[in-house]
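Structural features, examined
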Amino acid sequence: MIIESLGNLKHNFPDVSICAFTATSTDNVTQDIMDELKLDNPLLLRGKIFRKNLFISAERRISNGYPQLQSFLSRHENESGIIYVSSRKKTEELSSFLNTKGYKSLPYHAGIPNHVREQNFKMFVNDTVNIMVATIAFGMGIDKSDIRFVVHMSLPKSQENYYQEIGRAGRDGEDSEVMLLFNAADMVMQKQFLQQIDNQDYARHLEAKIEGIYKYSTSELCFHKQLAEYFNDELDACKDRCDNCLNTDSARQDISKESQMLLSAIYKTGQNFGKNYIVDILRGSKEQKLLANDADKLSMYGIGTVLSKKEWFIVLERLLELKIILMGEYSTLKLSEDAVKILKSLMSVDIKSSRLDVDKKVKKIKQKEDFDYDEELFEELRSKRTEIANEKGVPAYIIFGDKTLKHLANEKPHNKASMLEVNGVGEKKFQQYGEEFLSVINP
Ligand SMILES: [Zn+2]
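Residues numbered from 1 in each chain as written. Predicted model: local features only at pLDDT ≥ 70, side-chain atom pairs only at ≥ 80, totals over all residues.

**Some words on the overall build of the protein**
This is how it is decided: Counting from the N terminus, the helices are DSSP H or I runs at least four residues long and the strands are E runs at least two residues long. In this description the radius of gyration comes from C-alpha coordinates, and the expected globular size is given by 2.2 Å times residues to the power 0.38. Buried, partly exposed and exposed are defined by the number of other C-beta atoms within 10 Å of a residue's own C-beta, namely 20 or more, between the two limits, and 12 or fewer respectively, with C-beta atoms placed from the backbone. Here the contact rule is simple: place C-beta atoms from the backbone, and any two residues whose C-beta atoms are within 7 Å are in contact.
Scanning the protein from N- to C-terminus turns up 21 helices and 10 strands. The C-alpha atoms of the protein give 25 Å as radius of gyration, which agrees with the globular expectation for 443 residues (22 Å, within 12%). Considered along the principal axes of its C-alpha atoms, the protein spans approximately 80 × 60 × 45 Å. Taken across its 443 residues, the protein has 32% of its residues classed as buried. Within the protein, counting contacts between residues at least 6 apart in sequence, those at least 24 apart form 68% of the total.

Structure, rendered in structure tokens:
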């Protein structure tokens, strides 16, 4: 990372004092810097890693995490904040979603033309808009001291990245809040990117960093303490500046029985399917794909209706994190050796109760539909609707109501005939908008 020629400075200017500065560095990186610069026994000064005006939390993201984000934002009305997402497309989607909910936000990513990006940046710094929905391209060198919150909608690349990104909040020393939303699929996705790296050692190095930040997120230890330890600093638990310290009531519950249901469904279907399919079997879904495969003839078909789809996903996350279930190619679920022990009741599984409560929190702020639907797809359909509404200059509800979009996100029609069967879609509507929505459902 350090330009090698800097190493000559000491030789070429033996009597000149040299100082080196870095924002955050682990012991290894610090040592590298000293070696490269050929510094001889330098004075090492290091600030504390503890940023006590930051309140830190991490939550498992439920599908796109929008309801969790809204509940967070309700505590930060009209305050400045940054929301980090993992792709350019997601900056646009989330920003327009927030704007339809009455927030003032702008997207920011490297693909936006320079002059627009600079304008967005200025509008944020001048408080014309208060929320920036950005990729990690945003924030370097930003000089705005009153950023009150930073949200990560998915897992960052490493604890270094994370620490730098949350460090943009509360530079004025006032209380600020940072929240990280994540799930195990984020880690799988990040690791897939690593396959494009030729240098195996470097790829493994990055992989360890991703695993590190995932472990940080799922751990029940003080977040401040964990970050300090990562940078080889020591810190007592913060007691009241992070969610892990505040929620010491770590009631746990046994989920062995639910785990057995999941594991048998994975086993009986040949370890060839992803999470939606498996959970649909347990919940007795009437999805075409499922019926076509005779999955409704399986003994575990429909035995898991006690848990909602989201609750099943949380149980699944727990099994993935304990490596009882492994994720194979195309996100298919595979069983590990421990899975066999659980199926034979030789091993049990438990979970922090509050993790399953996340669902209840979301339910409170969301109208519950009497059917399950793909929420991520629902949001995509909504943005498509906004796009068409803007284009045609008509109110969004004229195109399709929310209810119809939810039905579409549930039934996922793949052609005209199946789309016409969906509640709220008639021949005329289909002719006007059908194809456009079908292409969102079947990309
Ligand atoms: Zn703490």
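**Some points on the sheet that holds strand S3 (residues 105-108)**
Put simply, the test is: Here, any two strands with at least 2 DSSP bridges between them count as paired. Axes here mean lines fitted to C-alpha atoms, for a helix over just the part in contact, with angles spanning 0 to 180 degrees between N-to-C directions.
Across the sheet, which stays open at both edges, the six strands sit in the order S1-S6-S5-S2-S4-S3 with parallel pairing between neighbours. Taken across any chain shown, the strands that pair with only one partner, and hence form the sheet edges, are strand S1 (54-60) and S3. With strand direction ignored, the average angle separating the axes of adjacent strands in the sheet is 15 degrees. Here S3 runs beside strand S4 (residues 131-134); their pairing, made up of four bridges, is parallel. The residue bridging tyrosine 108 from the neighbouring strand is alanine 134, located in S4. Against the sheet, helix H5 (residues 114-125) touches S3 and S4, its axis set at about 140 degrees to S3.

**Considering the packing of helix H7 (residues 184-194) against helix H8 (residues 200-218)**
Applied cut-off: Angle categories are assigned with fixed cut-offs, so that under 35 degrees is roughly parallel, over 145 is roughly antiparallel, 65 to 115 is roughly perpendicular, and the rest are oblique. All residues other than Ala, Val, Leu, Ile, Met, Phe, Trp, Tyr, Cys, Pro, Asp, Glu, Lys and Arg, Gly among them, are scored as polar; the first ten of these are nonpolar and the last four charged.
Put simply, H7 and H8 touch, their axes get as near as 10 Å, and they point 170 degrees apart. It follows that H7 is roughly antiparallel to H8 by the angle criterion. Contact with H7, carried on its side by Met187, Gln190, Lys191 and Leu194, involves Ala203, Leu206, Glu207, Ile210 and Tyr214 of H8 and no other residues of that element. Grouping the amino acids of the contact of H7 with H8 by side-chain chemistry returns six nonpolar, one polar and two charged.

**Some thoughts on the pairing of strand S5 (residues 147-152)**
Extensive coverage of S5 is indicated by the burial of six of its six residues. Pairing between strand S2 (residues 80-84) and S5: five bridges, direction parallel. By the bridge assignment, isoleucine 82 is partnered in S5 with valine 150. Looking at chain direction, S5 and strand S6 (residues 176-182) are connected through four bridges and run parallel. Of the residues in S6, the one forming a bridge with phenylalanine 149 is glutamate 177.

**Some thoughts on the domain arrangement of the protein**
Stated formally: The split of the chain into domains comes from an automatic or database domain assignment.
Taken as a whole, the protein is organised into domain 1 (2-36), domain 2 (54-246), domain 3 (252-356) and domain 4 (375-441). A straight line from the C-alpha centre of domain 2 to that of domain 3 covers 30 Å. Tallying the contact residues gives seven residues for domain 2 and nine residues for domain 3. Among the residues forming the side of domain 2 that touches domain 3, the class breakdown is three nonpolar, two polar and two charged.

**Quick look at the nonpolar core**
Keep this limit in mind: Put simply, a nonpolar core is buried Ala, Val, Leu, Ile, Met, Phe, Trp, Tyr and Cys residues tied into one set by C-beta atoms within 7 Å.
Ile82, Ile83, Met132, Val133, Val150, Val151 and Val178 are the most contacted members of the largest nonpolar core, which has 48 residues in total. In terms of residues, this core owes the most to one element, S6, which gives five residues. For isoleucine 83, the contacting residues outside a window of four places in its chain are Leu94, Ile131, Val133, Val151 and Met153. Residues Leu282, Trp312, Leu316 and Ile324 belong to the second largest nonpolar core, which totals 28 residues.

**Notes on helix H17 (residues 375-392)**
Stated formally: One fewer than the residue count of a helix, multiplied by 1.5 Å, yields its expected span.
With 18 residues, H17 extends 26 Å from end C-alpha to end C-alpha; this agrees with the ideal 26 Å at 1.5 Å per step. Of the positions making up H17, those classed as buried are Glu375, Phe378, Glu380, Leu381, Arg382 and Arg385. Taken together, the buried residues of H17 touch helix H18 (396-399), helix H19 (402-411) and helix H21 (427-441). Looking one or two places after H17, you find glycine 393, whose phi comes out positive at around 65 degrees.

**Quick notes on unusual backbone geometry**
One can expect most non-glycine residues to show negative phi and most peptide bonds to be in trans. The phi dihedral of lysine 38 falls on the positive side, at around 55 degrees, and the residue is not glycine. By the element assignment, lysine 38 lies in the loop between helix H2 (27-36) and S1. Phi angles above zero are rare outside glycine, and lysine 323 is one such case at about 60 degrees. By the element assignment, lysine 323 lies in the loop between helix H14 (309-321) and strand S8 (325-327). Lysine 323 gets classed as exposed once you count the C-beta atoms within 10 Å, which come to 11.

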